[in-house]
Amino acid sequence: AEAMLTLKIQPDDKFFAKIVSVADRWRSFEPESNAPCNQAAWILQRFGKGDLAWDYLTTPIAHHPAESGPWLGLAGQLTRRGNLGLADRAYEAAFFAEPTNPQILWDRAQNLRRLGKTVEAQRLIRDVADGSWQPRFLGLQNQAKSEVPQ
């Protein structure tokens with residue numbers, strides 16, 4: 001994969017089928033390891049196979065689908081790698097898992113701003129400002145209110 005990227009060679013579908021096959025086989029030997037999914041996803045992402053990469057990135061999360069923590073970890077990892085589009089999907093899933101945490105909306109809004117999606121980001125900030133949240137989120141809510149146009 002590295003050589004193909006360096007040489008700017010676009011692999012055929014057989015290459016991607018092999019990546020999937022190897023990752024699945026590796027997972028069958030080490031079912032608790034995230035490494036095969038992460039490695040496959042990294043390769044698939046680099047070649048523009050975002051949806052297939054997403055499937056592999058989220059496979060380990062299937063063990064804890066109703067928890068926001070794994071989704072937030074994935075969002076942070078994707079953000080650090082510069083894959084803001086997939087990071088947005090992870091933030092969205094995190095908030096679905098924990099809709100009582102406006103910090104997730106705030107973080108997603110910041111990610112959307114980096115993507116240049118300011119209208120969507122502003123909508124989320126308004127949701128934080130106007131929402132009914134636990135008292136521990138009062139500071140964040142006030143910050144959001146200061147950013148919402150009157």
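Below you will find a few notes about this structure. As the structure is a prediction and not an experimental result, all values here were calculated from the model.

Reading the values: rules and limits
- Residues numbered from 1 in each chain as written.
- Predicted model: local features only at pLDDT ≥ 70, side-chain atom pairs only at ≥ 80, totals over all residues.
- Heavy atoms only, no water.
- Core = buried A, V, L, I, M, F, W, Y, C linked by side-chain atoms within 4.5 Å.
- Buried < 20%, exposed > 50% of the residue type's maximum accessible area, 1.4 Å probe, protein only.
- Helix = DSSP H or I, 4+ residues; strand = E, 2+ residues; numbered from the N terminus.
- Contact = heavy atoms within 4.5 Å.
- Salt bridge = Lys/Arg side-chain N within 4 Å of Asp/Glu carboxyl O.

Notes on the nonpolar core
Step number 1: Grouped together as the largest cluster of nonpolar side chains are 41 residues, with contacts concentrated most on Trp54, Tyr56, Trp71, Leu74, Leu78 and Ala90.
Step number 2: Sorting the residues of this core by element identifies α2 (13-29), α3 (35-46), α4 (50-58), α5 (68-80), α6 (84-97), α7 (102-114), α8 (118-130) and α9 (138-147) as the ones contributing at least two each.
Step number 3: The greatest single-element share of this core, amounting to seven residues, is contributed by α6.
Step number 4: When residues no more than four places from it in sequence are discounted, the contact partners of leucine 78 are Gln45, Trp54, Leu57, Asn83, Leu86, Ala87 and Ala90.

Quick look at the pattern of salt bridges
Step number 1: The tally for this structure, following the rule as stated, stands at four salt bridges.
Step number 2: Residue aspartate 51 is joined to arginine 89 by a salt bridge in which the shortest nitrogen-to-oxygen separation is 3.3 Å. Taken together, the positions of aspartate 51 in helix α4 and arginine 89 in helix α6 put the pair 38 residues apart, joining distant regions of the chain.
Step number 3: In this structure aspartate 51 comes out as exposed when scored by relative accessible area, which is 57%.
Step number 4: Of the residues examined, arginine 89 reaches a relative accessible area of 31% and is grouped as partly exposed.

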